Every structure is written in C-alpha cells, then in structure tokens.
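# Examination of the molecular architecture
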Amino acid sequence: MVISSFGIACRPQFYLRTPQFQCINKVQLNLVAAMEALDEPEGLFKDNKTNNSANGRKDVKAPAWKKLNSKELGITTSMIDKPTRKVLNGLKRKGYEVYLVGGCVRDLILKRTPKDFDIITSAELKEVTRTFSWCEIVGKRFPICHVHISDTVVEVSSFSISARKYGRHVNADFGKPVHCDDKDYIRWRNCLQRDFTINGLMFDPYARIVYDYMGGMEDIRNAKVQTVIPASTSFREDCARILRAIRIAARLGFRISKETAHSVKNLSDSILRLDKGRLLMEMNYMLAYGSAEASLRLLWKFGLLELLLPIQAAYFVRHGFRRRDKRTNMLLSLFSNLDKLLSPDKPCHSSLWVAILAFHRALSEQPRDPLVVAAFSLAIHNGGDMLEAVNIARGITKLHDVSFNELSETQDLNPRALKDEVVNLATSLKRALNHMTDEQIVSEAMAGYPQAPYSDLVFIPWGLSLRVSRVFSCVTSGAERGFVPKQGSKIDYESLAAGNLPEVRHIFARVVFDTIYPLSLNRDNFET
C-alpha cells in the first residue's frame, strides 16, 4: 500500500481512511433539530392533562385513535429481520395474536433500521415456550420470553403480564373508552404504558395495520419526543425514561416537547438512583450506536453530563462551551467520527467509547504534538510495533486540525524522542482511565464550578477498565508476539460489538487519525 500524502511505502495492514468510510448506510443525525428542545411556542404545545370536574382529578386526555395501512406507510415484511419473522409466524400459526410494538414500529415508519424488534402476543409465556424449541422465561417480577433463533434473541412479552403489571394503575385512572371492543381495549391499555407517544405504536404484520392510540404518528410528523402521560409523573415512575428521552431525541434528531424538557431538567438528579449497571447500559445505548455526538450535546444542554461524566462536563466549562452551543470541540469531533462508522444495528463494544473518553482526557490535560498522536494511533493499530509507527508518522505531510487546544505546535522530533513521547502519552492515558474510575477524582472534577450539582458517580466497572487498558498496553509493553494487525478497511461489526481487541484497536486508530487529520483539510485518499 502507498499512502500518497506520506510519500512512503509501508506494510498493507493499516488503512486509516478509504472512500468506503462514506458508504455506511445510515441516516445522519439532524443535530440542529436535536438541539431545539425548549423553545416551542406555547400555542403549539398540547397539554397532556385535562381537568375532571367530577372528581377533581387530572386524567390523560387520549388523542383520537388511528388505524393506518402499513403499506401506505411504506412498511413491508422484508423490513423485519428473519429471526423476528420466524417468531411471529410460529405464534400466528398457533392461533395467537401477535404484534410488533415500541421503537421498532417507529423506526420502520421512519425507514430506519431498528436496534431490535419487540413482540407482544395474546399467548401466555408458557405457551410461547411450548412453541419454540429454545426459549426461556427471564425476569421474576415481570417476566418475558427470550426466543433463541440461530444467534439472535427475540424478546416476546404477553398481554397478560402487561395487564398484571399495570392493571390497577390503568383501571384507577382510565376507564374503558366508549365504543371500544375488547381487542382495541387490550391494545390501547398496553400502549398506554409506553414511555413516549412515538413508542406507543403497535403493528399487526398480518392485518397490515399500525394502531396509533397515543398520537404517536402526529409526534413523528412533528419530530417531537413527548411522554404518553404527564412527563413529571412518567419520570417519577421510571427515571430511566429521562435518559431514554435524550437517547431517542439524539438518535432521531427530534426535539423534546416543552413539558417533557422541563421535567428532564427538574428531575435530572433522580437518575442517580439508578444502579450503575443500568447507567452503563443507558450510556452505551447513547455512545455505541451511532448517535454519540448528539447525545453528548443533549446531556450537556439538559444538565445531565455533569452528573454522568463530570470530567467531560468540566472540559466543556473550561473551554466556554455553552449549553446551546452549536460549535464543536475535540471531544465532540472524536465521537462524531465514531458515529460515522456505527449505526443502531452496527454498534461497538463499550470498551471503545470508554477508550476514546480516556484518550481525550489525557490529551486535554497535556496537549501533544499531532505527530505524536498519529504515531500513537499507528502503534495501537499494529499491536505495538513502535518502529513502524514512528517511521510512518515522521513521513506525514498532511495538515492537522489547528483548532484543537489539545494539540501543541509541531516539533521536529527525532525518532527516539518521538517514540518516548508516544510511550509517555500511553502512560498518561492509563492514568486518565484510572482517574475516570476514582470516585474522589471524579467528584473533584466540577469542584471549581459551585453552581454545578455534586456527583461522584463512577459507572465504569473495574473489569471494563481493565479491558480498555489492554487496548493501550501494547504501546508501553512493546510489540505483541503473534499479534496480526487488521488488514483492509472493512469492519467486522460482529467482532466489534463483542469487543474483539484487534477490531477495537483498528476503529480507535481510525477515529483518532480522522479527528487529528480531518478529510476536510486533506483531500488525498489512501491508494493501494
């Protein structure tokens, strides 16, 4: 392989950018729409509540019900993955009612690839287990079925469990609507328990009908995230919905309705009640599925970043990054470049985004020569072959992004000095990772900003931090025996999601290099 801008030859394992980078089939986020969350004219906001003069109670005002032809919405059965179709067909052949529910229906309407498909059925869970050879019931309080089809797990819930879970709440607050048959009532009652209206859709793939009882289609058209019941009530019932609101708005480029946005801000502290495993899962959904940049912007805008990632929030404050700022910085640029390689059905392992956070932390504490960063990324990619990494880096003639405070002036470093600086960066990065898992250091991150809420939250488990350390260990310990650098530019997404070390290193190197030497500054492509 010849890297045209370097003007030198090297082994054919390292491809940092090719035209294929632009070929990942995904819809880009509308970041402007994602940031327009609070300024919604009063006249356009529909209050979810209405007074009941008979009992002085506030009830949810149900919108007009709609039954829509899925074909007219552009939904075809081919858009449903094969494992899900097998489960749907298996239950339908047994005579049970089956529907797709939640976010997957929303994504099908938006012509997006769903992260996963959720099924709800009239069958009892024990009947589901009798229908499929490899099926297990998981969860004790509110169980669901995991149906294993090849390497895929399809989640199936039952209307009966849903009714048991929410029955008393629904019956107390909502009477059965007039002119409502039994099937409509069962579907409506289930959709009423969804978090957001755009997730309160139900799709019958056999009747080819999308049922909209919550006004979800209107909010999809208006690109709005809005809770089904009043947001303050919804978030008090389940504070994880606050993070889901951010995640959905970021991923879809939707705005958050006025009432929902106010409740996100007012109840933001409640997310600290979630256990650390749940917080890690929610953060992974935000950062590993192709919408990390928009998620970080919204977390910062709504005052959640200083609770979840105080170190990164302190970085925003130091550099005068305002809540509604549409500018970028190096941290956001790193995740923007990661987003270009991922999508909801092609996520990365959590070790990759944690590694990027740690890398940026190290660089923001001590700015580095861009060639040091380039050599570091090359060494990560090739398993610690420092000689090759330094030789390639010294041949770089491409322009780097001079807007980043994390990059120092370029120096004329000899090979030995460049190698020492690369090792020093790797050592600093491991120290930064340790800081991110130290409650005292995390709690001190925002100490200089007394207006910020206190947080010593560390949700990155020790095992994950050790896994991240392995990504960089090759730089300080030397070339790994038997390590084979990834060849070509094609991403093995199954390996990436599983945290395969060469794949994680490969993507980390690409993200770092593309951030330091962005394509907009360098039109040269790599040639073979």
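Structure's up top.
How each quantity is defined
Residues numbered from 1 in each chain as written. Predicted model: local features only at pLDDT ≥ 70, side-chain atom pairs only at ≥ 80, totals over all residues. Heavy atoms only, no water. Buried < 20%, exposed > 50% of the residue type's maximum accessible area, 1.4 Å probe, protein only. Helix = DSSP H or I, 4+ residues; strand = E, 2+ residues; numbered from the N terminus. Contact = heavy atoms within 4.5 Å. Polar contact = N/O pair within 3.5 Å; in protein donor to acceptor, adjacent residues only side chain to side chain. Expected span 1.5 Å × (residues − 1). Pairing = 2+ DSSP bridges. Axes fitted to C-alpha atoms, helices over the stretch in contact; angles between N-to-C directions. Core = buried A, V, L, I, M, F, W, Y, C linked by side-chain atoms within 4.5 Å. Parallel < 35°, antiparallel > 145°, perpendicular 65-115°, else oblique. Left-handed = near helix turned anticlockwise from the far one by under 90°. Nonpolar A, V, L, I, M, F, W, Y, C, P; charged D, E, K, R; others polar.

Among the 10 residues that make up helix α15 (residues 330-339), 9 are buried, leaving the element largely enclosed by the rest of the structure. Looking at the packing, one finds that the buried side of α15 touches α11 (276-287), α12 (292-301), α14 (310-318), α16 (350-365) and α23 (501-516). The N-cap of α15, judged by a side-chain oxygen 3.2 Å from the amide nitrogen of leucine 331 a few residues on, is asparagine 329.

This part covers helix α9 (residues 240-252). Given 3.6 residues per helical turn, the α-helix brings residues three or four places apart onto the same face. For α9, which comprises 13 residues, the first-to-last C-alpha distance of 18 Å matches the rise-based estimate of 18 Å (1.5 Å per residue) to within 8%. Most of α9 is tucked away, with 13 of its 13 residues classed as buried. After α9 finishes, the residue glycine 253 shows a positive phi value of roughly 75°.

Sheet architecture is open: 8 strands sit in the order β5-β12-β11-β6-β7-β10-β9-β8, paired in mixed fashion. Each having just a single partner strand, β5 (66-69) and β8 (135-138) make up the two edges of the open sheet. Neighbouring strand axes in the sheet, compared pairwise and without regard to direction, differ in orientation by 30° on average. Packed on one face of the sheet, helix α2 (residues 82-93) meets β6 (98-101), β7 (118-121), β9 (144-149) and β10 (152-158) and runs near 40° to β10. Here helix α6 (residues 182-191) sits on the sheet in contact with β5, β6, β7, β11 (201-204) and β12 (209-212), set at roughly 140° to β11.

Within the largest apolar cluster, 150 residues are counted, with the highest numbers of intra-cluster contacts made by Leu100, Leu308, Trp353, Phe359, Phe376, Phe459 and Phe508. Aside from chain neighbours lying at most four places away, what touches phenylalanine 359 is Met330, Leu334, Val373, Phe376, Leu429, Phe508 and Val512. Ranked by size, the runner-up nonpolar core spans 15 residues in total, among them Tyr99, Phe159, Cys180 and Tyr213.

This part takes up unusual backbone geometry. Phi is positive for lysine 111, which is not a glycine, with a value near 60°. Take lysine 111: it is sitting in the loop between α3 (103-109) and β7.

So, about the packing of α15 against α16. For any two helices packed against each other, the geometry is given by the interaxial angle and the distance between the axes. At a closest axis distance of 10 Å, the pairing of α15 and α16 adopts a crossing angle of 155°. As far as their axial angle goes, α16 and α15 are roughly antiparallel. Judged by the twist between their axes, the crossing of α15 over α16 is right-handed. Between α15 and α16, the contacting residues are Met330, Leu331, Leu334, Phe335 and Leu338 on the first element and Leu352, Trp353, Ile356, Leu357, Phe359, His360 and Leu363 on the second. Residue composition of the contact of α15 with α16, by class: 11 nonpolar, 1 polar and no charged.

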